[in-house]
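Geometric and topological summary
Single-letter residue listing:
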2 protein chains.
Amino acid sequence: MANLNDPALRSWIDIPPISDFPIQNLPFGVFETEDRGTRLAVAIGDYALDLYAVAQFGFFSDLDLGPKMPKVFRRRTLNQFISLGRPAWRAVRERVSELLRHDNEALRSDEVMRECLVRQSEVRMLRPVKPSNYTDFYSSIEHATNVGMMFRDPANALLPNWRHLPIGYHGRASSIVVSGTNIRRPNGQRKAPDADTPTFGPSQQLDFELEMAFVVGKGSALGDSIPLQYTEDHIFGLVLFNDWSARDIQSWEYVPLGPFLGKSFGSSISPWVVTLDALEPFRVPGPVQEPEPLLYLRQVNAHNFDINLEVGLQPEGSLETVVSRTNFQHMYWSMAQQLTHQSSNGCNLEVGDLYASGTISGPTPDSLGSMLELAWRGTRPVVLPSGEERKFLHDGDTVTMRGYCENNGIRIGFGEVTGTVLPAAIS
Amino acid sequence: MANLNDPALRSWIDIPPISDFPIQNLPFGVFETEDRGTRLAVAIGDYALDLYAVAQFGFFSDLDLGPKMPKVFRRRTLNQFISLGRPAWRAVRERVSELLRHDNEALRSDEVMRECLVRQSEVRMLRPVKPSNYTDFYSSIEHATNVGMMFRDPANALLPNWRHLPIGYHGRASSIVVSGTNIRRPNGQRKAPDADTPTFGPSQQLDFELEMAFVVGKGSALGDSIPLQYTEDHIFGLVLFNDWSARDIQSWEYVPLGPFLGKSFGSSISPWVVTLDALEPFRVPGPVQEPEPLLYLRQVNAHNFDINLEVGLQPEGSLETVVSRTNFQHMYWSMAQQLTHQSSNGCNLEVGDLYASGTISGPTPDSLGSMLELAWRGTRPVVLPSGEERKFLHDGDTVTMRGYCENNGIRIGFGEVTGTVLPAAIS
């Protein structure tokens with residue numbers, strides 16, 4: 001296969017130097033416009049390349065994409081395309097890379113360009129994947145330690161199991177929405193520590209959680225376990241993930257069966273799925289794991305990824321402030337370990353499964369991935385440049401997460417996941 | 001609408017007196033045979049009525065079942081049929097009731113009968129619903145108290161939140177299988193209380209959990225909450241549910257985010273979905289709730305159902321022993337309260353969602369819904385008639401759950417959910 005990551009590759013499309021989507025990236029997404037309907041697409045610079053249009057012009061005809069071609073490119077989600085398997089995604093991405101290369105003229109007639117390229121600003125991005133199942137892990141040691149210090153015992157912040165397995169729980173798949181969807185503040189039951197009884201009403205402790213999530217591209221049969229060296233074969237790509245959380249609802253409900261309504265009112269993902277292939281140059285070893293994990297979780301190769309992350313907070317009518325900067329490489333447990341653990345009991349994977357990392361916090365006070373930690377449970381409010389303070393999110397606040405990798409002058413970005421807090425429904 | 005529950009109704013089909021499927025029941029399922037492929041069906045006595053065949057003969061042509069008719073009756077799951085909405089299910093069930101009534105000749109020619117009726121013993125039943133999302137509640141006060149006594153504090157067995165809300169957690173939808181599917185003993189991480197470090201291997205504490213589950217028939221939009229008086233409009237019907245559990249894996253992994261791999265290796269459901277309409281005559285008030293729940297969970301009408309339940313345990317090469325008999329009416333939190341709670345934060349429902357009750361334990365030692373409780377965490381093994389003892393399940397054990405309602409001489413049954421434990425895969 002050609003090296004699609006080669007830093008020397010250039011496109012004939014004019015790509016702004018700080019674009020997240022150079023020719024080395026080519027993430028997949030789904031957009032909708034009034035005249036085209038829904039289309040699978042690849043992001044390139046400020047444009048979306050309409051894969052259905054490209055297929056209609058015959059540019060995929062010699063690829064082995066099965067009998068669902070070209071219909072598969074006008075679905076509402078990537079699921080069916082992903083089901084075609086890794087050889088199909090790779091063939092499409094490789095062909096798109098060829099077509100966009102500076103020395104390729106194939107798409108450059110006015111008519112073809114008009115059909116195949118749409119400005120991203122002129123389309124509505126859809127949720128790229130219908131999540132078949134959704135698991136949220138808890139794999140940042142800094143985050144787990146911070147939460148343990150705040151809610152349990154500062155001297156024994158990490159629970160005894162934490163260093164032995166990637167703790168996770170099943171989340172709600174139905175309420176995962178695409179970036180740009182506003183999030184209604186949830187109503188729910190909560191009890192103040194000094195109150196005798198709970199009350200029902202709008203959450204007073206609405207929070208974000210900065211996470212990454214990966215999309216499964218290859219399922220497995222019930223009863224099968226996936227050895228660690230093969231788990232990455234099951235990963236299609238990654239998105240940014242905001243695991244909106246209502247801390248007051250969560251802390252009242254979560255014993256003994258875990259988070260439930262404190263999470264299930266909505267989670268947001270970025271619209272472009274960056275393939276694992278595009279992230280290959282950014283592979284790094286993870287933190288040293290001590291004690292060494294049990295054999296089934298032991299990894300010898302580098303399975304972490306160097307992805308810069310940031311969170312912007314923008315009060316209504318005000319400017320955005322970046323309140324956190326961190327990196328995905330801090331994760332104690334890798335995606336490979338998470339997926340191996342998930343399947344270690346024989347649980348079957350399905351194409352379209354989404355696995356979120358858990359809040360990604362770094363080691364410094366400005367690298368924490370939630371308001372809970374940034375404002376340390378409300379005890380040290382975040383002061384914005386306007387002088388406004390935040391312990392948790394207010395109605396009208398917009399939270400935007402961004403992520404990108406960078407080396408050799410090449411930036412592979414994720415775009416953003418953004419959402420604005422709407423006032424609670426009248427309960 | 002005609003009263004399909006009328007005890008006076010009789011069918012021209014010869015129905016054994018203890019059948020779960022008299023003309024008053026008419027549950028929906030999906031079967032497969034080599035020559036028919038997959039068919040939606042209704043159970044009647046020992047037969048399955050092939051709804052696609054009935055549709056082909058034109059018996060549904062005057063009903064308003066939309067453009068997906070008759071294709072909808074040869075799908076692999078009920079999901080698309082359920083999506084047609086309550087008026088459609090009711091119209092089909094009413095028409096089937098008419099066709100099967102003792103004085104109706106329409107189906108009784110040899111040719112029509114041969115096409116429309118198949119012996120249940122000659123078909124393979126499929127998983128009736130592809131679960132869109134799956135939540136497991138924890139709504140039996142007896143079960144929650146027993147578990148609290150065993151694992152936490154006998155003096156404060158119920159956690160402070162338990163009487164205020166129906167505790168639940170999201171479970172794994174992909175590994176829900178139909179009755180008859182064998183269950184492989186999971187491998188997993190567990191740590192003995194006196195051990196320093198965990199080990200990985202076959203669960204030593206494999207258990208069943210006797211539950212009921214309901215299938216959602218009508219979705220809701222993200223952000224909407226469903227008031228309690230309307231939640232039953234969203235319920236299509238009920239199945240028996242075996243929430244297989246690996247107690248050793250579960251007890252090591254479950255803090256702080258809840259059950260995960262101790263559950264996700266498999267859950268089993270019965271193949272026939274009994275409609276809420278068929279259960280109407282068995283509606284009963286639930287236990288008195290003290291303290292009175294918050295307003296959004298308060299119910300004035302009867303929302304529990306009188307369903308007799310039992311669990312049979314059959315060691316390999318031996319006879320079955322009924323190890324537990326209990327009743328669904330014991331549930332402290334009703335299905336209506338569960339679904340109202342689930343949507344109270346704006347979480348959207350989807351057609352095909354499955355909501356399980358949690359283990360159904362009664363007040364007496366022979367009415368407990370899990371081996372964990374029956375053998376009281378291994379301290380009082382269950383002695384089978386053969387003299388064999390059980391603390392937890394052995395390889396080769398078959399667990400079969402059955403359920404039925406009965407009054408006025410009419411028995412509305414669920415059939416059974418059964419599964420045999422296979423040895424663990426070599427890890």
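Per an unreviewed UniProt entry, chain A carries the name fumarylacetoacetase and comes from Hymenobacter volaticus. As its UniProt record puts it under Pathway (unreviewed entry), chain A is described as follows: "Amino-acid degradation; L-phenylalanine degradation; acetoacetate and fumarate from L-phenylalanine: step 6/6."

Now for the relation of the copies chain B and chain A. Overlaying chain B on chain A yields an RMSD of 0.0 Å, the required transformation being a rotation through 180° with an accompanying axial translation of 0.0 Å. Put plainly, the chains are arranged around a two-fold axis. Within chain B, G258 of chain B has its C-alpha nearest the rotation axis, a separation of 2.1 Å. Most of the interface of chain B is mirrored in chain A: 100% of its interface residues are interface residues there too.

What follows concerns the domain arrangement of chain A. Residues and elements named next belong to chain A. Entries for chain A in the domain assignment read domain 1 (28-125) and domain 2 (134-422). Of the residues lining the interface, 16 residues belong to domain 1; the matching set on domain 2 comes to 17 residues. Taken together, both faces of the contact between domain 1 and domain 2 bury some 1,300 Å²; the carbon and sulfur share is 62%. Among the residues of domain 1 in contact with domain 2, F28, I82 and M125 are the three that bury the most area, contributing 39% of the side total. Summed over the shared surface of domain 1 and domain 2, the result is 2 salt bridges. Between D277 and R86 there is a salt bridge, with its nearest N and O atoms 3.8 Å apart. At the level of elements, β1 (28-33), β2 (37-44), α2 (79-83) and α3 (86-100) are the ones that each hand at least two residues to the side of domain 1 that touches domain 2. It is α3 that contributes the most residues to the side of domain 1 that touches domain 2, 4 residues altogether. Taken together, the residues that form the side of domain 1 that touches domain 2 break down as 9 nonpolar, 4 polar and 3 charged.

The partner chain A presents 56 residues to the 56 residues of chain B that form the contact. Summing both partners gives a buried area of about 5,200 Å² for chain B against chain A, and 62% of it is carried by carbon and sulfur. Of all residues in chain B, R172, L257 and F260 of chain B give up the largest surface area on contact with chain A, accounting jointly for 16% of the area buried on that side. Inspection of the chain B/chain A interface yields 4 salt bridges. We note a salt bridge from D353 of chain B to R172 of chain A, for which the minimum N-O separation is 2.7 Å. Across the chain B-chain A interface, the total number found is 22 residue pairs in polar contact (both at pLDDT 80 or more). Within the residue set of the side of chain B that touches chain A, elements represented by two or more residues are β6 (134-137), β7 (168-170), β10 (187-190), β11 (199-202), α7 (247-253) and α9 (335-343) of chain B.

Here we come to the side chain of Q289 of chain A. All names here are of chain A. Examined against the element boundaries, Q289 turns out to sit in the loop between β18 (283-284) and β19 (304-305). By relative accessible area, Q289 is classed as buried at 13%. A polar side-chain atom of Q289 sits 2.7 Å from the main-chain carbonyl oxygen of Y332. Within the local environment of Q289, its side chain forms a polar contact with the side chain of Q337, the two groups lying 2.9 Å apart. When near neighbours in sequence (up to four residues on either side) are disregarded, Q289 contacts Q299, Y332, W333 and Q337.

Okay, α9 of chain B next. Counting buried positions along α9 of chain B gives 9 out of 9 residues, so the element sits mostly inside the fold. Burial in α9 of chain B covers these residues: M335, A336, Q337, Q338, L339, T340, H341, Q342 and S343 of chain B.

According to UniProt, the feature "domain: Fumarylacetoacetase-like C-terminal" (unreviewed entry) maps to residues 134-421 of chain A in the numbering used here. Annotation note: span residues 134-421 of chain A, helix share 14%, strand share 32%, distance between end C-alpha atoms 23 Å.

All right, on to a positive patch on the surface then. Taken together, K68, K71, R74 and R75 of chain A make up a surface patch of like positive charges. Taking relative accessible area as the criterion, K68 of chain A reaches 39% and is therefore assigned partly exposed.

Enumeration according to the criterion identifies 27 aromatic pairs over all chains in this entry. Considering the side-chain rings of Y134 of chain B and F241 of chain B, the 5.4 Å spacing of their centres and the 40° angle between planes classify their relative orientation as tilted. Remark: F241 of chain B occurs in strand β14 (residues 235-242) and Y134 of chain B occurs in strand β6; sequence separation between them is 107 residues. The residues Y134 of chain B and F241 of chain B share a single accessibility class, namely buried. Positioned above the aromatic ring of Y404 of chain A is the side chain of R411 of chain A, whose terminal nitrogen or guanidinium carbon lies 4.0 Å from the ring centre.

A few words on the sheet that holds strand β4 (residues 117-119) of chain A. Residues and elements named next belong to chain A. Strand order in the open sheet formed by 5 strands is β4-β3-β2-β1-β5, with antiparallel pairing between adjacent strands. Only two strands of the sheet have a single partner each, and these edge strands are β4 and β5 (124-125). Sheet topology note: the β1/β5 ladder contains 2 bridges and is antiparallel. Across the sheet, the residue bridging to F31 is M125, located in β5. Strand contacts of α3: β1, β2 and β3 (47-50), with the helix running at about 70° to β1, the strand carrying the most contacts.

What follows deals with the UniProt feature "domain: Fumarylacetoacetase N-terminal" (unreviewed entry) in chain A. UniProt records the feature "domain: Fumarylacetoacetase N-terminal" (unreviewed entry) for residues 24-126 of chain A in the present numbering. Each end of residues 24-126 of chain A is marked by a C-alpha atom, and these two atoms are 23 Å apart; helix forms 32% of the span and strand 22%.

Here we take up the side chain of T231 of chain A. Relative to the elements of secondary structure, T231 of chain A occurs in helix α6 (residues 228-231). Setting aside chain neighbours within four positions, we find T231 of chain A in contact with I226, A336, L339 and T340 of chain A.

With that settled, consider the confidence of the model for chain A. Averaged over all residues, the pLDDT of chain A equals 97, while 100% of them reach at least 70. Here the complex is predicted with pTM 0.97, and the ipTM for its interfaces comes to 0.96.

Residue and element names in this part refer to chain B. When you tally the buried positions in strand β20 (residues 308-314), you get 5 out of 7 residues, the bulk of the element. Note: β20 against strand β21 (residues 321-327), 6 bridges, orientation antiparallel. From the neighbouring strand, G312 faces β21, where its bridge partner is V322. Connecting the antiparallel pair β20 and β21 is a turn made up of 6 residues, with G317 showing a positive phi of about 75°. Alignment of β20 against strand β25 (residues 398-407), held across 7 bridges, turns out to be antiparallel. Bridge pairing in β25 places Q314 opposite T398.

Conventions we followed
Residues numbered from 1 in each chain as written. Chains lettered and ligands numbered in written order. Predicted model: local features only at pLDDT ≥ 70, side-chain atom pairs only at ≥ 80, totals over all residues. Heavy atoms only, no water. UniProt positions renumbered as here; feature names shortened; annotations may be inferred. Least-squares fit on C-alpha atoms with pLDDT ≥ 70 in both. Contact = heavy atoms within 4.5 Å. Domains from an automatic or database assignment. Buried area = accessible area lost by both parts, 1.4 Å probe. Salt bridge = Lys/Arg side-chain N within 4 Å of Asp/Glu carboxyl O. Helix = DSSP H or I, 4+ residues; strand = E, 2+ residues; numbered from the N terminus. Nonpolar A, V, L, I, M, F, W, Y, C, P; charged D, E, K, R; others polar. Polar contact = N/O pair within 3.5 Å; in protein donor to acceptor, adjacent residues only side chain to side chain. Buried < 20%, exposed > 50% of the residue type's maximum accessible area, 1.4 Å probe, protein only. Patch = residues over 30% accessible without salt bridge, like charges linked within 9 Å, V, L, I, M, F, W, Y side chains within 5 Å. Areas by Shrake-Rupley, 256 points an atom, 1.4 Å probe, with all protein chains shown as cover. Lys, Arg positive; Asp, Glu negative; His and termini not counted. Charge placed at Lys NZ, Arg CZ, Asp CG, Glu CD. Phe/Tyr/Trp six-rings, centres within 6.5 Å; stacked < 30°, edge-to-face > 60°. Lys NZ or Arg CZ within 6 Å of the ring centre and 35° of its normal. Pairing = 2+ DSSP bridges. Axes fitted to C-alpha atoms, helices over the stretch in contact; angles between N-to-C directions. pLDDT = per-residue confidence, 0-100.

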